[in-house]
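# Per-entry structural report
Take a look at the letters that make up each chain.
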Amino acid sequence: LAKTTQPISMDSYEGQEVNITCSHNNIATNDYITWYQQFPSQGPRFIIQGYKTKVTNEVASLFIPADRKSSTLSLPRVSLSDTAVYYCLVGDRSSNTGKLIFGQGTTLQVKP
Amino acid sequence: DSGVTQTPKHLITATGQRVTLRCSPRSGDLSVYWYQQSLDQGLQFLIQYYNGEERAKGNILERFSAQQFPDLHSELNLSSLELGDSALYFCASSTDRVQPQHFGDGTRLSIL
């Protein structure tokens, strides 16, 4: 499984758009990219998943360039409740298992 | 609500004891995963079951064991407990290895 690198922490203000970039230089052809959000003392919550180009759902967008060596999670107009840890993970579709390898994640602090 | 139920929410016990953590996956999900989250180690994958069969093992100690029953619920057994086993234990489930995992809210284990 490809290793991911993301900033340890980020600060933002309410109403702003937040972009969190994740580096995964050794991503393989069969790998897909998934982002999770975790609040203190709660389990991680699935946000979005993609393989290439752009994916958008009701809470976020995921941008993946053509070389797929990085990805950017975009959170539009964040609120205080978006303060959480965000994890970028790379998973192998061809693997026999779906186990996830979590890195340190990015702690996002949204200020009023 | 992720649909994954973990019991108990909190567990306090002493060193040397044995405990069982229980997980009921989302309806229809065949895969169950166990993760451990401690302050110094982050989220660590322990073990995965798929439709009753062990599918993958991660950093799971020999003192720990798990199983998935015919009704697809799973139990994680921790024995000869040590102070360092104090952590949040999360269960997650998914339809298959490709689909996103949905996490429960965890069991907080405190060893005194």
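Residues numbered from 1 in each chain as written. Chains lettered and ligands numbered in written order. Predicted model: local features only at pLDDT ≥ 70, side-chain atom pairs only at ≥ 80, totals over all residues. Heavy atoms only, no water.

## A closer look at the pattern of salt bridges
Residues and elements named next belong to chain B. For the coordinates displayed, the defined rule picks out 4 salt bridges over all chains. Taking the shortest distance from any N to any O, the salt bridge between E82 and R63 comes out at 3.7 Å. A residue pair is termed long-range when its members are at least 10 positions apart, and E82 in the loop between β8 (74–78) and β9 (87–94) and R63 in the loop between β6 (53–57) and β7 (64–68) qualify at 19 residues. The residue R63 makes a salt bridge to D85 at a minimum N-O spacing of 2.8 Å. One end of the pair, R63, is in the loop between β6 and β7; the other, D85, is in the loop between β8 and β9, and 22 residues separate them in sequence. Relative accessible area serves as the criterion here: at 3%, D85 is assigned to the buried category. If you follow the salt bridges from partner to partner, you end up with R63, E82 and D85 in one network. (Salt bridge = Lys/Arg side-chain N within 4 Å of Asp/Glu carboxyl O. Helix = DSSP H or I, 4+ residues; strand = E, 2+ residues; numbered from the N terminus. Buried < 20%, exposed > 50% of the residue type's maximum accessible area, 1.4 Å probe, protein only.)

## Quick look at the sheet that holds strand β1 (residues 5–7) of chain B
Residues and elements named next belong to chain B. With antiparallel pairing, the 4 strands of this open sheet are ordered in space as β1-β3-β8-β7. Looking at strand neighbours, the two that pair on one side only are β1 and β7, the edges of this open sheet. Averaged over all neighbouring strand pairs, the angle between strand axes comes to 15°, with direction disregarded. By the bridge criterion, 5 bridges tie β7 to β8 in an arrangement that is antiparallel. Directly across from A66, in β8, lies its bridge partner L76. (Pairing = 2+ DSSP bridges. Axes fitted to C-alpha atoms, helices over the stretch in contact; angles between N-to-C directions.)

## Concerning the layout of surface pockets
Taken as a whole, the largest pocket spans an internal volume of roughly 590 Å³. Forming the boundary of the largest pocket are 30 residues, of which Y87(A), Q37(B), S38(B), L39(B) and G42(B) lie nearest the centre. For the lining of the largest pocket, the secondary-structure elements that each account for two or more residues are β8 (84–92) and β9 (106–111) of chain A together with β4 (31–38), β5 (42–50), β9 and β11 (107–111) of chain B. Here the second largest pocket defines a volume of roughly 350 Å³. D1(B), S2(B), F103(B), G104(B) and D105(B) are the residues nearest the centre of the second largest pocket, which is lined by 19 residues in total. Breaking the lining of the second largest pocket down by element, the ones donating at least two residues are β4 (45–50) of chain A together with β1 and β10 (102–103) of chain B. A breakdown of the residues in the lining of the second largest pocket according to their chemical character gives 5 nonpolar, 10 polar and 4 charged. (1 Å grid on protein atoms, 1.4 Å probe; cavity = no way out; pocket = protein on both sides within 12 Å on 5 of 7 lines; lining within 4 Å. Points joined across faces, edges and corners; volume = space filled by probe spheres on them. Nonpolar A, V, L, I, M, F, W, Y, C, P; charged D, E, K, R; others polar.)

## Quick word on the side chain of S38(B)
In this fold, S38(B) is placed in strand β4. The exposure class assigned to S38(B) is buried, which follows from its relative accessible area of 15%.

## A closer look at the state of the cysteines
Applying the stated criterion across every chain, the model contains 2 disulfides over all chains. A sulfur-sulfur distance of 2.2 Å marks the disulfide that ties C22(A) to C88(A). Sign of the S-S torsion, about -80° for the bond between C22(A) and C88(A), identifies this disulfide as left-handed. A residue pair is termed long-range when its members are at least 10 positions apart, and C22(A) in strand β2 (residues 18–23) and C88(A) in strand β8 qualify at 66 residues. A residue is classified by how much of its surface remains accessible, and C22(A), at 0% relative accessible area, is buried. You can call C88(A) buried: its relative accessible area is 0%. The disulfide bridge from C23(B) ends at C91(B), spanning 1.8 Å between sulfur atoms. (Disulfide = S-S within 2.5 Å.)

## Quick notes on the packing of aromatic side chains
Counted under the stated rule, the structure contains 9 aromatic pairs over all chains. Between F102(A) and F103(B) the ring centres are 6.1 Å apart and the planes differ by 80°, which places this aromatic pair in the edge-to-face class. Placement of the pair is F102(A) in the loop between β8 and β9 and F103(B) in strand β10, with the two residues belonging to separate chains. A residue is classified by how much of its surface remains accessible, and F102(A), at 9% relative accessible area, is buried. (Phe/Tyr/Trp six-rings, centres within 6.5 Å; stacked < 30°, edge-to-face > 60°.)

## As for the pairing of β11(B)
Residues and elements named next belong to chain B. Across the two faces of β11 the burial differs, with T107, L109 and I111 buried and R108 and S110 not buried at all. Bridge count for strand β2 (residues 10–13) against β11 is 4 bridges, and the pairing is parallel. For H10, the partnering residue across the bridge sits in β11 and is R108. Pairing of β9 with β11 involves 3 bridges; the strand directions are antiparallel. Across the sheet, residue A87 finds its bridge partner in β11, namely L109.

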